[in-house]
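# An overview of the molecular structure
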Amino acid sequence: MSRTELQTLPERAVALLGGEPDDTTLRRYLHGLPGVDAVGLEQRAAGLGTRSIKTSSKAWALDKIIELIDLTTLEGADTPGKVRSLVAKALHPDASDPTCPRVAAVCVYGDMVPYAVEALGSAHGDPDEGGVSVAAVATAFPSGRASLEIKLADTADAVAHGADEIDMVIDRGAFLAGRYGVVFDQIARVKEACRRADGSYASLKVILETGELSTYDNIKRASWLSILAGGDFIKTSTGKVQPAATLPVTLLMLEVVRDWHRATGEKVGVKPAGGIRTSKDAIKYLVTVAETVGEEWLQPHLFRYGASSLLNDVLLQRQKLKSGHYSGADYVTID
């Protein structure tokens, strides 16, 4: 059973926590987790980052990266026309090569969802089955500074207009103040707001904004908290705060997901977002996923890249493999 089908997440959390998910119970649980060995974590990440792949595997890796990208535009100046252009690139990343795979999703602000759905047409669907999903950022992205009522309305509106995935931001202020019950409740309530009329759920990605959490221990606790509250994915960053995604942070989040799977049998996704701009860096993340949770996680419903500029570099590398020489930047469209 997938997490989007679970109807009793709060009850399950009570069973796992040994009590109601209030500040006291959550603090006892989260602060009882083993501390993170920062030096060891960074050494493991550095080692994984030096792994190389054979030339024969590089073509597979480049196509896999494309299949796992959330092609994103999250600017105040976004227009319906820009979203339609983004969708066109999502469907045909390399217009000169029909064998180039599609990306997993387009990620937009909630008010742009109807335009993305319309532009995708019959291609709107499950990326694990060859379609392209529509992801919407919600809950007062990127700050998260809004009332719960506004966050829930923001989410429900995007889902009602066809969003398949919701990328929410946690209340970092509440988390850092130790108000874990508030953060848990907001995630659980947003999860319920992802419910569609037919009873199914849009997938919920919980953005930790790791650059504001300061320590690896905080990132580990926020990851566990987000999963306990019902997140289908844990996501590093909004892309609006630096540092955004890093290999050590992503490795840590993957280790949490691995431990959750060992404990419960459930699979939760991970999405590093922000700062991954080259195929060389993206391949490091592929290796880290495969070595930490296994190659079965290299599927759109379990791993994504939040990226806008990454795709063009991957396309240029892909063209080099086929032609034997580098193409100029004008051989790919500008996002």
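Residues numbered from 1 in each chain as written. Predicted model: local features only at pLDDT ≥ 70, side-chain atom pairs only at ≥ 80, totals over all residues. Heavy atoms only, no water.

On to the sheet that holds strand β2 (residues 105–109). In spatial order, the strands read β7-β6-β5-β4-β3-β2-β1-β8; together these 8 strands make up an open sheet with parallel pairing. Each edge of the open sheet is held by one strand with a lone partner, namely β7 (269–271) and β8 (305–307). With direction set aside, neighbouring strand axes in the sheet form an average angle of 25°. Here strand β1 (residues 69–72) pairs with β8 via 3 bridges, running parallel. Looking across to β8, one finds that Asp-70 is bridged to Gly-306. On top of the sheet, helix α6 (residues 113–120) reaches β2 and β3 (133–137); it is set at about 170° to β3, its chief contact. (Pairing = 2+ DSSP bridges. Helix = DSSP H or I, 4+ residues; strand = E, 2+ residues; numbered from the N terminus. Axes fitted to C-alpha atoms, helices over the stretch in contact; angles between N-to-C directions. Contact = heavy atoms within 4.5 Å.)

Another point: the nonpolar core. By size, the foremost hydrophobic cluster in this structure holds 96 residues, and its most contacted members are Ile-65, Ile-166, Tyr-305 and Leu-310. The leading source of residues in this core is helix α11 (residues 247–264), at 9 residues. Sequence-distant contacts of Leu-310, defined by excluding residues within four places in its chain, comprise Ile-65, Ile-69, Ile-276, Arg-277, Thr-278, Ser-279, Ala-282 and Tyr-305. In this structure, Cys-107, Ala-135, Val-137 and Ile-207 belong to the second largest nonpolar core, which totals 7 residues. (Core = buried A, V, L, I, M, F, W, Y, C linked by side-chain atoms within 4.5 Å. Buried < 20%, exposed > 50% of the residue type's maximum accessible area, 1.4 Å probe, protein only.)

So, on to the pairing of β3. Within β3, 5 of the 5 residues are buried, which leaves it mostly tucked inside the rest of the structure. Of the two faces of β3, the one holding Ser-133, Ala-135 and Val-137 and the one holding Val-134 and Ala-136 are both buried throughout. One ladder, built from 5 bridges, connects β2 with β3; its direction is parallel. Residue pairing in the sheet places Tyr-109 in a bridge with Val-137 of β3. Between β2 and its parallel partner β3, the chain crosses via α6, and the hand of that crossover is right-handed. (Right-handed = clockwise from strand over helix to strand, strands pointing away.)

The next point concerns a negative patch on the surface. Judged by side-chain charge, Glu-11, Glu-20, Asp-22 and Asp-23 come together as a negatively charged surface patch. On the secondary structure map, Glu-20 appears in the loop between α1 (9–17) and α2 (23–30). (Patch = residues over 30% accessible without salt bridge, like charges linked within 9 Å, V, L, I, M, F, W, Y side chains within 5 Å. Areas by Shrake-Rupley, 256 points an atom, 1.4 Å probe, with all protein chains shown as cover. Salt bridge = Lys/Arg side-chain N within 4 Å of Asp/Glu carboxyl O. Lys, Arg positive; Asp, Glu negative; His and termini not counted. Charge placed at Lys NZ, Arg CZ, Asp CG, Glu CD.)

This paragraph deals with the state of the cysteines. Applying the stated criterion to the full structure yields 0 disulfides. There is no disulfide at Cys-100, and the cysteine sulfur nearest it, in Cys-107, is 20 Å away. (Disulfide = S-S within 2.5 Å.)

Here β1 shows no split at all, with Ile-69 and Leu-71 on one side and Asp-70 and Thr-72 on the other all buried. Pairing of β1 with β2, which is carried by 3 bridges, proceeds in the parallel orientation. Bridge pairing links Leu-71 to Val-106 in β2. Remark: the β1/helix α5 (residues 80–91)/β2 crossover connection has right-handed handedness.

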